[in-house]
Amino acid sequence: VKTSKLTFEEINQFTQLPDVGNHQTDKWIAENLNNGLSREDILKQLLTGFSETFRYTLQPPILGEEQIDDFLFNTQAGFCVHYASSYLYVARRLGFATRMVTGYLGGEWQVSEGFLTVRQYDAHAWVEIWLENHWQRIDPTSYVAPQRVESGLEAGLSDGSEFLADEYFS
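These notes cover the structure that comes with them. (Residues numbered from 1 in each chain as written. Predicted model: local features only at pLDDT ≥ 70, side-chain atom pairs only at ≥ 80, totals over all residues. Heavy atoms only, no water.)

**Comments concerning helix H3 (residues 39-53)**
Since there are 3.6 residues in each turn of an α-helix, residues three or four apart along the chain are aligned in direction. To be explicit about the condition: Per the convention used, a helix needs a DSSP run of H or I reaching at least four residues, while a strand needs a run of E reaching at least two, with both numbered from the N terminus. Here a helix's expected span is defined as the number of its residues, less one, multiplied by 1.5 Å. Only protein chains enter the calculation, and the probe is 1.4 Å; a residue is then buried if its accessible area is under 20% of its type maximum, exposed if over 50%, and partly exposed in between. By construction, the arc corresponds to the directions joining the helix axis to the C-beta atoms.
Its 15 residues give H3 an end-to-end C-alpha distance of 21 Å, which sits within 8% of 21 Å, the value for a rise of 1.5 Å per residue. Regarding H3, the residues found buried are Ile42, Leu43, Leu46, Leu47, Gly49 and Phe50. Angularly, the buried residues of H3 cover 150° about the axis, an arc narrow enough to put them on a single face. Of the exposed residues in H3, those oriented more than 90 degrees away from the buried face are Lys44 and Glu52.

This is the structure we're talking about:
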């Protein structure tokens, strides 16, 4: 892991947020800070909340205009991008340099052919946060659906009928 300092431009980039919206989330953050919670403890509280009251689904309810607020305080159901973007928003609002990372998680080893098959449903999103002069990986999905991270998408769904539900040959 490379350690260094972020430049002013990088700090600007990785702490950037929209000018408007998500007032309920901003109020929740301010209340927690006023109650003496540290920035790190607020992020831990967010992750704990994911594990206690949220649901992992590929068919989340449609979010309103203030998407982070709607997700955190109303629907509490979504997939990796919902969890990663909500964590990213709160972390940036707290002043942490944070970035979303997308890629693939999983795949199926083809023994006879000697290669790994990676499919679209292996796509995944997580967050990296700048702490102690290096990027540290945080996967908010692992708090709501650890099976998704450890055993693949199908294992992480509470409703197995969601897996490939819109596919012609599902």
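**A closer look at the side chain of Asp139**
Here is the rule: Under this definition, polar contacts are N or O atom pairs within 3.5 Å; protein pairs additionally need one hydrogen-donor-capable and one acceptor-capable atom, and for neighbouring residues in sequence, both atoms have to be side-chain atoms.
Here Asp139 lies in the loop between strand S7 (134-138) and helix H6 (141-144). Relative accessible area serves as the criterion here: at 6%, Asp139 is assigned to the buried category. Engagement of the side chain of Asp139 in a polar contact is seen with the backbone nitrogen of Thr141, the distance being 3.1 Å.

**A look at the sheet that holds S7**
Our working definition: Pairing between strands is defined by DSSP: at least two bridges between the two strands are required. For helices, the fitted line uses only the C-alpha atoms of the stretch in contact; every axis is such a line through C-alpha atoms, and the angle between N-to-C directions lies from 0 to 180 degrees.
Here we have 3 strands laid out as an open sheet, ordered S3-S6-S7, and antiparallel in their pairing. Two strands bound the open sheet, and with one partner strand each, they are strand S3 (98-104) and S7. Adjacent strand axes in the sheet meet at a mean angle of 35° when their direction is disregarded. As judged from the 5 bridges shared by strand S6 (residues 123-131) and S7, these two strands associate in the antiparallel manner.

**Digging into the nonpolar core**
Convention followed: Working definition of a nonpolar core: buried Ala, Val, Leu, Ile, Met, Phe, Trp, Tyr and Cys residues. They are joined through side-chain atoms within 4.5 Å. Throughout, a contact is declared for two residues whenever any of their heavy atoms are within 4.5 Å.
Judged by nonpolar contacts, the single largest core of 29 residues is most densely connected at Leu43, Phe50, Leu72, Tyr87 and Val90. Among the secondary structure elements, those contributing two or more residues to this core are helix H2 (23-34), H3, helix H4 (67-75), helix H5 (80-93) and S6. The leading source of residues in this core is H5, at 8 residues. Ignoring sequence-local partners within four residues, the contact set of Phe50 consists of Phe71, Leu72, Tyr83, Ser86, Pro140, Tyr143 and Val144. Counting residues in each nonpolar core, the second largest holds 5 residues, with Leu6, Phe14, Trp130 and Trp135 among its members.

**So, the environment of Ala125**
In this fold, Ala125 is placed in strand S6. Owing to a relative accessible area of 1%, Ala125 belongs among the buried residues under this scheme. In the structure, Ala125 is positioned 46 residues away from Phe79 in sequence and 9.1 Å away in space, judged by C-alpha atoms. The residues contacting Ala125, other than those within four sequence positions of it, are Cys80, Val81, Ala84, Met100, Val101, Thr102, Asp139 and Thr141.

**Focus on a nonpolar patch on the surface**
This is how the line gets drawn: Note on patches: the residues involved have over 30% relative accessible area and no salt bridge, like charges join within 9 Å, and the nonpolar side chains Val, Leu, Ile, Met, Phe, Trp and Tyr join within 5 Å. The Shrake-Rupley method, run with a 1.4 Å probe, gives the accessible areas here. Residue values count only the displayed protein chains as cover. By definition here, a salt bridge exists when the distance from a side-chain nitrogen of Lys or Arg to a carboxyl oxygen of Asp or Glu is within 4 Å.
Where nonpolar side chains cluster on the molecular surface, the patch consists of Tyr104, Trp109, Val111, Leu116 and Val118 and spans about 560 Å² of accessible area. Locating Val111 in the fold gives a position in the loop between strand S4 (108-110) and strand S5 (115-117).

**Description of the packing of H2 against H5**
Counted only if it meets this: For classification purposes, an angle smaller than 35 degrees is called roughly parallel, one larger than 145 roughly antiparallel, one from 65 to 115 roughly perpendicular, and anything else oblique. Here a crossing is called left-handed whenever its near helix is offset anticlockwise from the far helix by less than a right angle, and right-handed whenever the offset is clockwise.
As a packed pair, H2 and H5 sit with axes 11 Å apart at the nearest point and diverge in direction by 50°. On the basis of their axis angle, the class for H2 and H5 is oblique. Taken as a pair, H2 and H5 cross one another with a handedness that is right-handed. Facing Thr25, Asp26, Trp28 and Ile29 of H2, the residues of H5 in contact are Tyr89, Val90 and Arg93.

**Things to note about the pattern of salt bridges**
Evaluation of the coordinates by the stated rule reveals 4 salt bridges. For Glu31, the salt bridge identified is with Lys27, shortest N-O distance 4.0 Å. Residue Glu31 and its partner Lys27 are located together in helix H2, separated by 4 residues, close to a single helical turn. Glu31 gets classed as partly exposed once you look at its relative accessible area, which sits at 40%. Look at Lys27 and you get exposed, because its relative accessible area is 52%.

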